[in-house]
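Take a look at the letters that make up each chain.
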Amino acid sequence: MAQKKKALITGITGQDGSYLGEFLLDKGYEVYGLIRRASTFNTVRIDHLYQDPHEKAVRLRLIYGDLNDASSLNQIIKTVKPDEIYNLAAQSHVRVSFDIPEYTGEITGLGTTRLLEAIRETGIKTKFYQASSSEMFGNASKKAQNENTPFYPRSPYAAAKVYSYWMTVNYREAYKMFACNGILFNHESPRRGETFVTRKITIALAKIKHGIQDKLFLGNLDAKRDWGFAGDYVEAMWKMLQQNKPDDYVIATGETHSVKEFLEEAFSCAGLNWKKHVEIDPRYFRPTEVDFLLGDASKANKILKWKPKVNFKQLVKMMVDADMQKVERELYGTHGKT
């Protein structure tokens, strides 16, 4: 019997980490997740992955560590000896990065270097995936961005991601590491954090529909994003590490929609008029805005044979339905409204 492949995921408790953990477990991997020591558990997105009900076996192992602590990373990599490492951990909220720029650089930027150094120092043969971001393109021109589009970061988060991107390329070229950057455009799901605009809209909509709140406060409604489904995008991450040689890939749907369009689509799912409930709050505007993001994933389509399965309307409906059910459970108990 062939030995199971081992994968280490940083940021496993986040949206992408939970979908990737699911995906790899379905592929038969042993999955190790890096989590920070905290006074409360934040594992709600991955609680269902702990045990296989048929085998009574542990499917997922969580390990304490921190991207701020090089010694813990070295020790973990030395002990686990993962075949694949997916670095998804970051301070990932763009607006918040303006409030805590130093911390964002420390975790989102230098954290990647600590991981790459741990791989180099331990000398293990592993494949490394770095979660890069469309925010790196920032103030790009009004045409689709691909792997050759110059970066123009417009936030501390984006600047930290650009640093991580180039460090990944540097370690690949300097030390012949199998290291890839996935430049992922916005990807959402029912597991998206509630402070991100898409989820903020769908959770507020559910509460408005059920009479719990009346108003939703948002920032720039004209910002345009290329929105896909996180569950589709983690497959692309995995496919990058299954290639014969490491490379960097843009992952996107090739469609752009404004925040206003997301609002319209979401509220129409619930039969409501968003204009009656949404107000603009200047606090939610970024000091420097990214107005337009649109990805060209033709390289990933061709080489990875990857294409998104969930379209924009399906994504919005999926998120609205999930949050409607969530609010109903909270109001009426386990079985929802009867």
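Before any of the text, the structure's been laid out above.
Within each chain, residue numbers correspond to sequence positions counted from 1 in written order. Residues qualify for local features only when their pLDDT is at least 70, as the model is predicted, and side-chain atom pairs are given and counted only at 80 or more; totals for whole chains, interfaces and linings, by contrast, use all residues. Side-chain numbers come from the whole structure's heavy atoms, not from hydrogens or water.

Asks: What is the right way to read the sheet that holds strand β13 (residues 248–251) from this model?
Replies: Paired through their backbone hydrogen bonds, the strands of a sheet run either parallel or antiparallel. A pair of strands counts as paired when DSSP detects no fewer than two bridges linking them. What counts as a helix is a DSSP run of H or I of at least four residues, what counts as a strand is a run of E of at least two, and both are numbered from the N terminus. As summarised here, the arrangement of the 7 strands in space is β5-β2-β1-β6-β7-β8-β13, forming an open sheet in which the pairing is parallel. Unpaired on one side and paired on the other, β5 (60–64) and β13 mark the two borders of the sheet. The sheet shows a mean angle of 20 degrees between the axes of neighbouring strands, direction not considered. Where strand β1 (residues 6–10) lies against strand β2 (residues 30–35), 5 bridges are found, and the strand directions are parallel. Bridge pairing in β2 places Leu8 opposite Tyr32. Sitting on the sheet, helix α7 (residues 230–240) is in contact with β6 (84–87), β7 (127–133), β8 (178–184) and β13, with an inclination near 155 degrees to β8. In this description, a line fitted to the C-alpha atoms serves as the axis of each element, helices being fitted only across the stretch in contact, and the angle between N-to-C directions of two axes falls anywhere from 0 to 180 degrees. Contact between two residues is taken to exist if any of their heavy atoms lie within 4.5 Å; hydrogens are not considered.

Asks: Help me understand a nonpolar patch on the surface, please; the structure alone is not making it clear to me.
Replies: Each patch is built from residues that are more than 30% exposed by relative accessible area and take part in no salt bridge. Like charges join if they lie within 9 Å; nonpolar side chains (Val, Leu, Ile, Met, Phe, Trp, Tyr) join within 5 Å. Accessible surface is estimated by sampling points in the Shrake-Rupley manner with a 1.4 Å probe; for residues, cover comes only from the protein chains shown. Any Lys or Arg side-chain nitrogen found within 4 Å of a carboxyl oxygen on Asp or Glu counts as a salt bridge. Taken together, the side chains of Val96, Ile100 and Tyr103 present a nonpolar region at the surface, about 220 Å² in accessible area. Turning to its location among the elements, Val96 is positioned in helix α3 (residues 94–99). For Val96, a relative accessible area of 31% translates into the label partly exposed. Partly exposed residues are those whose accessible area sits between 20% and 50% of the maximum for their type, while under 20% is buried and over 50% is exposed, using a 1.4 Å probe and protein chains only.

Asks: Explain the packing of aromatic side chains here, please?
Replies: Given two aromatic rings, one states the distance between the centres and the angle between the planes to describe the pair. Pairs were defined over the aromatic rings of Phe, Tyr and Trp, the Trp ring being its six-membered one, requiring ring centres within 6.5 Å. Orientation was assigned from the angle between planes: stacked under 30 degrees, edge-to-face over 60, tilted for the rest. Enumeration over the complete set of coordinates arrives at 13 aromatic pairs. The interplanar angle of 65 degrees and the centroid separation of 5.3 Å between the aromatic rings of Trp227 and Phe262 together place this pair among those described as edge-to-face. Taken together, the positions of Trp227 in the loop between β11 (224–225) and β12 (228–229) and Phe262 in helix α8 (residues 259–269) put the pair 35 residues apart, joining distant regions of the chain. In terms of burial, Trp227 and Phe262 fall into one category: buried.

Asks: Would you take a moment to explain the packing of helix α6 (residues 197–209) against helix α10 (residues 312–332) for this structure?
Replies: The angle between the axes and the distance between the axes are what describe a pair of packed helices. In contact at an axis separation of 8 Å, α6 and α10 are set at 50 degrees when each is read in the N-to-C sense. By the angle class used here, α6 and α10 are oblique. In this structure, the crossing between α6 and α10 has a hand that is right-handed. On α10, the residues touching Thr198, Arg199, Thr202, Ile203, Leu205, Ala206, Lys207 and Lys209 of α6 are Met319, Val320, Asp323, Met324, Lys326 and Val327. The residue classification treats Ala, Val, Leu, Ile, Met, Phe, Trp, Tyr, Cys and Pro as nonpolar and Asp, Glu, Lys and Arg as charged. All others, Gly included, are polar. Its residues placed into classes, the contact of α6 with α10 shows 7 nonpolar, 2 polar and 5 charged. With respect to orientation, any angle under 35 degrees is reported as roughly parallel, any angle over 145 as roughly antiparallel, any angle of 65 to 115 as roughly perpendicular, and every other angle as oblique. Should the near helix be turned counterclockwise from the far one by less than a right angle, the crossing is left-handed, whereas a clockwise turn marks it as right-handed.

Asks: I keep staring at the pairing of β1 and nothing clicks. Help me out?
Replies: Within a regular strand, the side chains alternate between the two sheet faces. Among the 5 residues of β1, 5 are classified as buried, and the element is accordingly described as predominantly covered. Pairing of β1 with β6 involves 4 bridges; the strand directions are parallel. Each residue of the ladder has a partner; that of Leu8, found in β6, is Ile85.

Asks: Is there a simple way to think about the pattern of salt bridges in this case?
Replies: Side-chain pairs of opposite charge can arise where the charged atoms are in close proximity. Counting across every chain of the model gives 19 salt bridges. A salt bridge links Asp222 to Lys260, with the nearest nitrogen and oxygen atoms 3.9 Å apart. Separated by 38 residues along the polypeptide, Asp222 in the loop between β10 (216–218) and β11 and Lys260 in helix α8 bring together distant segments of the chain. The residue Glu330 makes a salt bridge to Lys326 at a minimum N-O spacing of 2.7 Å. With a gap of 4 residues between them, Glu330 and Lys326 both fall in helix α10, about one helical turn apart. Using a relative accessible area of 23% as the deciding quantity, one classes Lys326 as partly exposed.

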